[in-house]
Amino acid sequence: MKKVHVFNAGPCLLPQEVYDSAVEAIRNFAGTGVSVLSISHRTKEWDAVMDETRALWRELLNIPDEYEIIFLGGGASLEFLYVPMNFLEKKAAYLDTGVWAHKAFKEAKGLGNAVEIASSSDRNYTYIPKGYEIPSDADYFHITTNNTIYGTEIKEDIDSPVPLIADMSSDIMSRPVDVSKYAMIYGGAQKNVGPAGVAFCIIRKDALGKVSRYIPTMLDYRVHIDKLSMFNTPPVFSIYIMHETLKWIKSMGGVGAVHAMDVRKAETLYAEIDRNPLFTGTAEKEDRSIMNVCFVMAPGYEALQDEFFSFAKAHDIIGIKGHRSVGGFRASLYNACQQEDVEALVDCMKEFEKLHA
């Protein structure tokens, strides 16, 4: 099979070892003679996967004992509602840094008093707002750490005077995180830790139980914590692939080692974008994401966009089309993307430059 360089924004590229394990588990899960697609979630073999997956999360991110880890269906978009349902009593504060951050804010605003304390929408979300003030009377402060559509990223753990909640869908496991600074971290798995179909939630236990409203059973984090993520049938296959992906991250040396590789990949591609006269980056340099590299044709070369898409495809490079709302190009450098994939894209850009510069 020929080598294809995949830069999809999601569902993401996964390690080959994970694909191989998935194929075997579909045939015969844990020696049971039953496919993982059909295994009962009430078996000891499945209990072992759930236990090991939580343990891997705890080990890789050094998650303190006072936090619980749960896995839920519905993806991060459903968590946009889960969060205010479980945490919003009087007021919530949100940082607007892109489409997904704004959607999270919209769900909270529909449920109660939510305020937007800063936004980068004035410059099409090409930067992370600075110098804002977090209201001390907020029940929580919500951020989206990486903005897949616009290629910006909050790269450090914020010091917040109120409980901090972060959507880390697209940069989780790409850098070490001080989990103790957060009341909750959540995200969809389909960027760095598995396929679509499951969301991860890391929640400090004492942050729950502070709202007076009735919380529907399926939207109450405490229910899912009490039932170890199995109040209802969990997304078994997606969790299994998450388990295998976390094992791969551990085998690579852990999150710190993966972060070093991710930084190198991003620096390689950004260096070519900055050097090549045919292309230009869209995000402000200090806020550039190491996960999603967004760029466009440089002024004067806009008419070459479609030609470059075709040129890249002919060089076995796929998934670089920007989000439909912004256009241009986007190369997603999630953990399983390799340095050789990035170098193939860079070589392609250099060859295209020779034809047109």
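Look up a bit, the structure's there.
Residues numbered from 1 in each chain as written. Predicted model: local features only at pLDDT ≥ 70, side-chain atom pairs only at ≥ 80, totals over all residues. Heavy atoms only, no water.

## Observations regarding a negative patch on the surface
Then step 1. Taken together, the side chains of Glu-340, Glu-343, Asp-347 and Glu-351 define an acidic patch exposed on the protein surface.
Then step 2. With respect to the element layout, Glu-351 can be found in helix H9 (residues 339-356). (Patch = residues over 30% accessible without salt bridge, like charges linked within 9 Å, V, L, I, M, F, W, Y side chains within 5 Å. Areas by Shrake-Rupley, 256 points an atom, 1.4 Å probe, with all protein chains shown as cover. Salt bridge = Lys/Arg side-chain N within 4 Å of Asp/Glu carboxyl O. Lys, Arg positive; Asp, Glu negative; His and termini not counted. Charge placed at Lys NZ, Arg CZ, Asp CG, Glu CD. Helix = DSSP H or I, 4+ residues; strand = E, 2+ residues; numbered from the N terminus.)

## Digging into the sheet that holds strand E11 (residues 279-281)
Strand pairing in a sheet is mediated by backbone hydrogen bonds. Such pairs are either parallel or antiparallel.
Then step 1. The strand order across the open sheet formed by three strands is E11-E12-E14, and the pairing between neighbours is antiparallel. Of all the strands in the sheet, the pair left with one neighbour each is E11 and strand E14 (329-332). The average angle at which neighbouring strand axes cross in this sheet is 35°, direction not considered.
Then step 2. Looking at chain direction, E11 and strand E12 (residues 292-297) are connected through three bridges and run antiparallel. The residue of E12 that forms the bridge with Gly-281 is Phe-295.
Then step 3. Here helix H7 (residues 255-275) sits on the sheet in contact with E11, E12 and E14, set at roughly 15° to E12. (Pairing = 2+ DSSP bridges. Axes fitted to C-alpha atoms, helices over the stretch in contact; angles between N-to-C directions. Contact = heavy atoms within 4.5 Å.)

## Some points on the sheet that holds strand E3 (residues 92-96)
Then step 1. With respect to topology, seven strands assemble into an open sheet ordered E2-E10-E9-E8-E5-E3-E4, the strand pairing being mixed. This sheet does not close on itself; its edge strands, each paired only once, are strand E2 (67-72) and strand E4 (114-119). Between one strand axis and the next, the sheet turns through 20° on average, direction left out of account.
Then step 2. Pairing analysis gives five bridges linking E3 to E4, with the strands arranged parallel. Residue Tyr-94 lies in a different strand from E4, and its bridge partner there is Glu-116.
Then step 3. Those strands touched by helix H3 (residues 75-87) are E2, E3, strand E5 (140-144), strand E8 (164-167), strand E9 (184-188) and strand E10 (199-204), and its axis lies near 155° from that of E9.

## Comments concerning the side chain of Asp-157
Then step 1. Topologically, Asp-157 is positioned in the loop between strand E7 (152-153) and E8.
Then step 2. Here the side chain of Asp-157 touches Arg-175 through a polar contact of 3.2 Å, side chain to side chain.
Then step 3. Of the polar contacts made by the side chain of Asp-157, one reaches the side chain of Tyr-182; its length is 2.6 Å. (Polar contact = N/O pair within 3.5 Å; in protein donor to acceptor, adjacent residues only side chain to side chain.)

## Topic: the packing of aromatic side chains
What characterises a pair of aromatic rings is the spacing of the ring centres plus the angle enclosed by the ring planes.
Then step 1. What the rule picks out here adds up to 19 aromatic pairs.
Then step 2. On the numbers, 4.7 Å between centres and 35° between planes, the contact of Trp-57 with Phe-200 is tilted. Of this pair, Trp-57 sits in helix H2 (residues 44-61) while Phe-200 sits in strand E10; the two residues are 143 residues apart in sequence, bridging distant segments of the chain. As far as burial versus exposure is concerned, Trp-57 and Phe-200 are alike and both buried.
Then step 3. Ring centres of Tyr-82 and Tyr-221 lie 5.0 Å apart, and the angle between their planes is 15°; on these two criteria the pair is classed as stacked. Of this pair, Tyr-82 sits in helix H3 while Tyr-221 sits in helix H5 (residues 221-226), and the two are 139 residues apart along the sequence. (Phe/Tyr/Trp six-rings, centres within 6.5 Å; stacked < 30°, edge-to-face > 60°. Buried < 20%, exposed > 50% of the residue type's maximum accessible area, 1.4 Å probe, protein only.)

## Quick notes on the nonpolar core
Then step 1. With 86 residues, the main nonpolar core has Trp-46, Trp-57, Met-173, Leu-269 and Phe-308 as its most contacted residues.
Then step 2. Here the element with the most residues in this core is helix H6 (residues 236-251); it accounts for eight residues.
Then step 3. Setting aside anything within four residues of it in sequence, one finds Leu-269 in contact with Val-293, Ala-331, Leu-333, Val-342, Leu-345, Val-346 and Met-349.
Then step 4. Counting residues in each nonpolar core, the second largest holds 29 residues, with Val-83, Leu-88, Ile-165 and Tyr-186 among its members. (Core = buried A, V, L, I, M, F, W, Y, C linked by side-chain atoms within 4.5 Å.)

## Regarding the pattern of salt bridges
Opposite charge on two side chains permits pairing when their charged atoms draw close.
Then step 1. Counted by the stated rule, this structure contains 19 salt bridges.
Then step 2. Of the charged contacts in the structure, one is a salt bridge between Lys-3 and Asp-341, with a shortest N-O distance of 3.3 Å. Placement of Lys-3 in the segment before strand E1 (5-6) and of Asp-341 in helix H9 is noted, with a sequence separation of 338 residues between them.
Then step 3. Overall, Lys-3 belongs to the partly exposed group, its relative accessible area being 43%.
Then step 4. Asp-262 serves as the salt-bridge partner of Lys-265, at 3.0 Å between the closest nitrogen and oxygen.

## Description of the packing of H2 against H6
Then step 1. It is at 9 Å that the axes of H2 and H6 come closest, and there the two elements cross at 40°. Between H2 and H6, the interaxial angle falls into the category oblique. Note that H2 runs across H6; the crossing there is left-handed. Along the contact surface, H2 presents Trp-46, Val-49, Met-50, Glu-52, Thr-53, Leu-56, Trp-57, Glu-59 and Leu-60, while H6 presents Val-236, Ile-239, Tyr-240, Met-242, His-243, Leu-246, Lys-247, Ile-249 and Lys-250.
Then step 2. Considering only residue class, the contact of H2 with H6 consists of 12 nonpolar, two polar and four charged. (Parallel < 35°, antiparallel > 145°, perpendicular 65-115°, else oblique. Left-handed = near helix turned anticlockwise from the far one by under 90°. Nonpolar A, V, L, I, M, F, W, Y, C, P; charged D, E, K, R; others polar.)

Keep in mind these numbers describe shape, not what the thing actually does.
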